[in-house]
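# Summary of the model geometry
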Amino acid sequence: MSIFITGGAGYIGSHTCVELLEAGYDIVVADNYVNSCPEALERVKKITGRDFKYYECDIRDRSALDKIFKENSIEAVIHFAGLKAVGESCQKPLEYYDNNIGGTLVLLDVMRSNGCKKIVFSSSATVYGSENKVPFVETMKTGTTTNPYGTTKLYIEGILKDMYLADNEWSVVLLRYFNPVGAHKSGLIGENPNGIPNNLMPYITQVSVGKREKLYINGNDYPTKDGTCIRDYIHVVDLAIGHIKAVEHIMKKTGVDIYNLGTGIGYSVLDVVETFKRANNIDIPYEIVGRRAGDIAECYANADKALKELGWKAEKNLEDMCRDAMNWQSKNPNGYGN
Ligand code: NAD
Ligand code: WQD
């Protein structure tokens, strides 16, 4: 029996493949490589010394997906496949709804017709929106997302809840990730953004290797300790291990359970810059510029539920994240395109 990983060639997916293989699971991967490449999966094989099947497949392609289910014995799905750029989603809402929601609908239908009713879904802290107070707890009201990307996560959470209401044989875990950063300690896999990075850590690592001149910090006039935004950065390997716990959970029980995957600690942008400099003994020049539209001042998790019910807690600290991110970037200055 295998775990089917959609979007497994991506940043979080590839790290989760490593942890699953190392924990002894068999896996099958599907990805259309819209934001990744098969080289990441070859490197997963290299790290783990294990083989597995992977398919170039768009999850909206019903017959291709069905064929994968027919060719393999799939017990459960971890569903990473999706588009994730917040800014782009505001320019291309239709593409985001089509890919993320349309893709999920096809996946769920194919799962159902093949008798597979266990799924772990990559949701996001973005569903907490702008009106809740930190730390964010799973019981808080959601529904105030501020961009189409976030709205796709919210809708998919709702769709999965409805699947269970209609058929209580379904077993669903919704994982709300906070800010995943860092890379596998081997430096063989990591985050590989196209073009100018939108996110903080890949921008800093590109400055660190001289690909960008300096970091632009988006605002220092927020109501926080140093005026810059606070986020809950989580090491991608800790996040990947959280998925193993979620898979163990869906094997044991039906229902819908929601878990925050974060450290519970908030760091400011300046904290990240200072920690990165210290951890890597390198300077990161920066300039303070205006606020970025849509940013909230603070976002961090209450991560108690995942500890209590899944026995999971993040182990790595911000220094580990900065060191491992730099290790990946310096070994692969052009990502997988070296
Ligand atoms: P990623 O872009 O690196 O990985 C997503 C993968 O899905 C890519 O390999 C992409 O090629 C693939 N994909 C996209 N659409 C597809 C389709 N229609 N069919 C097949 N494959 C498709 O992103 P990531 O950071 O690894 O994120 C994984 C998941 O976690 C996404 O759903 C994302 O929204 C969610 N998430 C990410 C973050 C984050 O900050 N990285 C935070 C919260 C949630
Ligand atoms: C962190 C802080 C920026 C870049 C995003 C998505 C969220 C989730 C995780 C998917 C903010 C500041 C950044 C730069 C900067 N993804 N910054 N200069 O926005 O918290 O979360 O990824 O679900 O939905 O929105 O992460 O890394 O972009 O920003 O000053 O060049 O760093 O303004 O304060 P964010 P981020």
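So, here's what we can say about the structure. Since the model is a prediction, treat every value here as computed from it, not as a measurement.

A separate point is the nonpolar core. Residues Ile5, Ile27, Ile78, Val120, Leu175 and Leu261 are the most contacted members of the largest nonpolar core, which totals 44 residues. It is helix H8 (residues 236–252) that contributes the most residues to this core, seven residues altogether. Excluding anything up to four places from it in sequence, Leu261 contacts Leu175, Arg176, Tyr177, Phe178, Ile234, Leu239, Gly242, His243, Ala306 and Trp312. Listed in part, the 28 residues of the second largest apolar core include Tyr55, Val106, Leu107 and Trp170.

With that settled, consider the environment of Thr16. Checked against the element boundaries, Thr16 lands in helix H1 (residues 11–22). Separated by 62 residues in sequence, Thr16 and Ile78 have C-alpha atoms that sit 9.4 Å apart. Discounting residues that sit within four places of it in the chain, Thr16 has contacts with Ile78, Phe80, Ala240 and His243.

A few words now on the packing of helix H7 (residues 200–208) against helix H11 (residues 318–331). Two elements in contact, H7 and H11, have axes separated by 10 Å at closest approach and are oriented at 55°. Of the possible angle classes, the one that applies to H7 and H11 is oblique. The element H7 and its partner H11 pack so that their crossing is right-handed. Of the residues in H11, those touching H7 at Met201, Pro202, Thr205, Gln206 and Ser208 are Met321, Cys322, Ala325, Met326 and Gln329. The residue makeup of the contact of H7 with H11, split by class, is six nonpolar, four polar and no charged.

The immediate surroundings of ligand 1 are formed by 28 residues, with Ile12, Asp31, Asn35, Ser36 and Tyr149 found nearest. Here an oxygen atom of ligand 1 sits 2.8 Å away from a polar atom, N or O, in the main chain of Tyr11. Asn35 is positioned with one of its side-chain polar atoms (N or O) 2.7 Å from an oxygen atom of ligand 1. Protein contacts shield 95% of the accessible area of ligand 1, which totals 810 Å² for the unbound molecule.

The next thing to look at is the pattern of salt bridges. Tallied over the entire structure, the rule returns 25 salt bridges. A salt bridge links Lys45 to Glu42, with the nearest nitrogen and oxygen atoms 3.9 Å apart. Of this pair, Lys45 and Glu42 both sit in helix H2 (residues 38–48), three residues apart, which is roughly one turn of the helix. Taking the relative accessible area as the measure of exposure, Lys45 reaches 18% and is therefore buried. With a shortest N-O distance of 3.8 Å, Asp283 and Lys277 are connected by a salt bridge.

Rules of the game
Every residue gets a number counted from 1 within its own chain, in the order that chain's sequence is written. Numbering of ligands from 1 and lettering of chains from A proceed in the order in which they are written. This being a predicted model, a pLDDT of at least 70 is required before a residue's local features are given, and a value of 80 or more before pairs of side-chain atoms are given or counted; all residues contribute to the totals for chains, interfaces and linings. To get the side-chain values, take all heavy atoms of the structure and skip hydrogens and water. Grouping buried Ala, Val, Leu, Ile, Met, Phe, Trp, Tyr and Cys residues that are joined through side-chain atoms within 4.5 Å yields what is termed a nonpolar core. Each residue gets one of three labels from its accessible area relative to the maximum for its type: buried under 20%, exposed over 50%, partly exposed in between, using a 1.4 Å probe on protein chains only. Secondary structure follows DSSP: runs of H or I at least 4 residues long count as helices, runs of E at least 2 residues long count as strands, and numbering of each begins at the N terminus. Pairs of residues are marked as contacts when any of their non-hydrogen atoms sit within 4.5 Å. Axes here refer to lines fitted to C-alpha atoms; in helices the fit is confined to the stretch in contact. Angles between the N-to-C directions go from 0 to 180 degrees. Should an angle fall under 35 degrees it is called roughly parallel, over 145 degrees roughly antiparallel, and 65 to 115 degrees roughly perpendicular, with every other angle called oblique. Left-handed describes a crossing in which the near helix is turned anticlockwise from the far one by less than a right angle; the clockwise case is right-handed. Amino acids are sorted into nonpolar (Ala, Val, Leu, Ile, Met, Phe, Trp, Tyr, Cys and Pro), charged (Asp, Glu, Lys and Arg) and polar (every other residue, Gly among them). Here, proximity means that at least one heavy atom of the residue falls within 4 Å of the molecule or strand. For the purposes of these results, a polar contact is taken to be a pair of N or O atoms within 3.5 Å, where, inside protein, one atom must be able to donate a hydrogen and its partner to accept one; residues adjacent in sequence count only when each atom of the pair is a side-chain atom. With residues, only the protein chains shown are counted as cover, and all accessible areas are computed by Shrake-Rupley using a 1.4 Å probe. The salt bridge definition used is simple: a Lys or Arg side-chain nitrogen within 4 Å of an Asp or Glu carboxyl oxygen.

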